[in-house]
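Now for the letters of each chain:
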Amino acid sequence: MSLKRILAVSLTACLFTCGLSGCDKDDTATESPKRTHTSQADASEKVTIEETVFEAYTKILDNANSYSLETPSSLSKYLYALAHMSDDEIPELLLGSDDADGITTLRVFSYSEKESEVIEPEKTYNIGVAGAGGFRGGLVETVDENAILWQTWSAGTGEGRTERLELHGDTIETADKWEHRIDQTPKDLEEQQGEPIEFTPVDDRSLLEETFGQKTEDVDDEDDDENDKKASEPKAQKANKAKKGRKSHSSSQAEAIAQGRNVYSGTVRLLTCEEILDYQGENQFKKHLCPYEPGPFYIFVFSQPQTITTNSGDGSPDKTTRTSNLFLIGGDSKQAVEQKWNPYVDKTITISINQAIGSWPSGVTVPVGEPIFSDIEIID
């Protein structure tokens, strides 16, 4: 990932030090980071900055639940990323948490070398895919690595905006703004787009360790023991649990049909935006959708194309009938969807859906031109 720049002592500084005091045969030079302009005299100071920033950001992650964010059900639901929002060489820390509706609320933290402290702008930003309402949001790093692009749009209309966010002192400023459809990215904006910013659970410190060349001490042996215990659970026991979960959602086909529901067979898939568009043959939308809506998404692929009649998606009372190859699986929350559908990924099952509670998209979103349903029952 292009964010993961190692803020290390430059090769030149290492050779300079060796020339003065000699080096052991086992000593190896570390690669100079892309954004580091450290002089030979600053080499020892840069190591101190690495350690200082690492400790400061680690403390923030350790106390993630003390900041003004939506509080998830467990520490592992807090997420973080590193990205440059200014022209210095120290990346900013982005800390976020998922709410019940699938939206991640973010705050930015930045270590100021000049002030020797962490700057904490209070403004928050939302990204993610809302379980209802059509909100979409995402972050992309810029090619110049001096800012991030924050895009929000409506899945219903495809209309939205993109802001270039830069950190100046203790303030996050919108340096530029574009109003546009998600499938009509302005050329000057497209030229600035880099890679999507990927988030990591806060209990996985590998990103922080790799970036700053440090090592996090293990502080939660009890959780490790619990994870080991779960990992050693017999496969037969896990299989029985899966069966019990499936049974709790099941209903007979006869009962479903009697209730006016539609019964289908197909396969549950967990795919990224790019994988879905590859499957659909809609590759032209990748650069417009995938940077901001990377997924993954739970989808249901029909065993054969089906005629679907459901809401138009534009707010009108009209119903629309089309042929569909798949649909997006929705739910009350992101966590609820994961919990219900994870056991069935890549499995062929029979389901029933209430077509009255669903909709076709009125704009361009993932999957392109396919409906979304959330009132879904699994039939054994």
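Residues numbered from 1 in each chain as written. Predicted model: local features only at pLDDT ≥ 70, side-chain atom pairs only at ≥ 80, totals over all residues. Heavy atoms only, no water.

Student: Can you walk me through the overall build of the chain in this structure?
Tutor: When helices and strands are counted, the chain shows 10 helices and 18 strands. The buried share among the 380 residues of the chain stands at 43%. Long-range contacts, defined as pairs at least 24 residues apart, comprise 64% of the intrachain contacts of the chain with a sequence gap of at least 6. Summed over all atoms, the accessible surface of the chain reaches about 19,600 Å², with 46% contributed by carbon and sulfur. (Helix = DSSP H or I, 4+ residues; strand = E, 2+ residues; numbered from the N terminus. Buried < 20%, exposed > 50% of the residue type's maximum accessible area, 1.4 Å probe, protein only. Contact = heavy atoms within 4.5 Å. Areas by Shrake-Rupley, 256 points an atom, 1.4 Å probe, with all protein chains shown as cover.)

Student: Can you walk me through the packing of aromatic side chains in this structure?
Tutor: The geometry of two aromatic rings is summed up by the distance between their centres and the angle between their planes. Scanning the model with the defined rule gives nine aromatic pairs in all. Between F302 and F327, the aromatic rings sit 5.7 Å apart at their centres with planes inclined by 55°, giving tilted as the arrangement. Highlighted residues: F302 in strand β13 (residues 297-311) and F327 in strand β14 (residues 319-329), separated in sequence by 25 residues. Each member of the pair, F302 together with F327, is buried. Connected via pairs of aromatic rings, a cluster forms that spans Y264, F300, F302, F327 and F373. One residue, R322, lies across the ring of W360, its end atom 4.7 Å from the ring centre. (Phe/Tyr/Trp six-rings, centres within 6.5 Å; stacked < 30°, edge-to-face > 60°. Lys NZ or Arg CZ within 6 Å of the ring centre and 35° of its normal.)

Student: Which parts of the structure should I look at to understand the state of the cysteines?
Tutor: Covalent bonding between the sulfur atoms of two cysteines is what defines a disulfide. Here the structure, examined in full by the defined rule, presents one disulfide. Bridging C273 to C290, the disulfide has an S-S length of 2.2 Å. Between C273 and C290 the disulfide shows an S-S torsion of about -75°. By sign, it is left-handed. With C273 in helix α8 (residues 273-280) and C290 in the loop between α9 (286-289) and β13, this residue pair connects regions lying 17 residues apart in the sequence. Here the two residues C273 and C290 agree in accessibility, since each one is buried. (Disulfide = S-S within 2.5 Å.)

Student: Just to check I follow, could you spell out helix α10 (residues 334-341) for this structure?
Tutor: Every α-helix carries 3.6 residues per turn, so stepping three or four residues along brings you back to the same face. Buried residues of α10: V337, K340 and W341, and no others. Along the axis of α10, the buried positions cluster into a sector of 80°, meaning they face one direction only. (Arc of directions from axis to C-beta.)

Student: Whenever I open this one, the confidence of the model for the chain confuses me. Can you help?
Tutor: A low pLDDT means the predicted coordinates there should not be read in detail. With 72% of its residues at a pLDDT of 70 or more, the chain shows a mean pLDDT of 76. When pLDDT is averaged over each helix and strand of the chain, the minimum, 35, is found for helix α6 (residues 235-249) and the maximum, 94, for strand β4 (residues 117-119). Within the model, the stretch residues 219-224 combines pLDDT values under 50 with zero contacts to residues more than four positions away or in other chains. Low confidence marks residues 226-251, where pLDDT is under 50. Its contacts with residues over four positions away, or in another chain, come to 22 contacts. (pLDDT = per-residue confidence, 0-100.)

Student: Sorry, what's going on with empty space enclosed by the protein here?
Tutor: Evaluation of the coordinates by the stated rule reveals one cavity of 30 Å³ or more. Estimates place the volume of the largest cavity at around 50 Å³. Lining of the largest cavity is provided by M85, L94, L106, R107, V108, Y125, L139, I148 and L165. The biggest single contributor to the lining of the largest cavity is strand β3 (residues 103-112), with three residues. The residue inventory of the lining of the largest cavity, partitioned by class, reads eight nonpolar, no polar and one charged. (1 Å grid on protein atoms, 1.4 Å probe; cavity = no way out; pocket = protein on both sides within 12 Å on 5 of 7 lines; lining within 4 Å. Points joined across faces, edges and corners; volume = space filled by probe spheres on them. Nonpolar A, V, L, I, M, F, W, Y, C, P; charged D, E, K, R; others polar.)

Student: For this particular structure, what's the right way to read the pattern of salt bridges?
Tutor: Between side chains of opposite charge, pairing is possible as soon as their charged atoms come close. Applying the stated criterion to the full structure yields eight salt bridges. One salt bridge connects D144 with R164, and the closest N-O pair in it is separated by 2.8 Å. With D144 in the loop between β6 (135-142) and β7 (148-154) and R164 in strand β8 (residues 159-168), this residue pair connects regions lying 20 residues apart in the sequence. Using a relative accessible area of 38% as the deciding quantity, one classes D144 as partly exposed. Residue classification places R164 among the buried positions, given a relative accessible area of 9%. Among the ionic pairs, R161 bridges to E163, the shortest N-O distance being 3.3 Å. Through salt bridges with shared partners, a single network forms among D144, R164 and E166. (Salt bridge = Lys/Arg side-chain N within 4 Å of Asp/Glu carboxyl O.)

Student: Even after reading the chapter, I still don't get the side chain of T105, so can you show me in this structure?
Tutor: Tracing the backbone shows T105 in strand β3. According to the relative accessible area criterion, T105 is buried, its value standing at 10%. Polar side-chain contacts of T105 include one of 3.2 Å to the side chain of N126. (Polar contact = N/O pair within 3.5 Å; in protein donor to acceptor, adjacent residues only side chain to side chain.)

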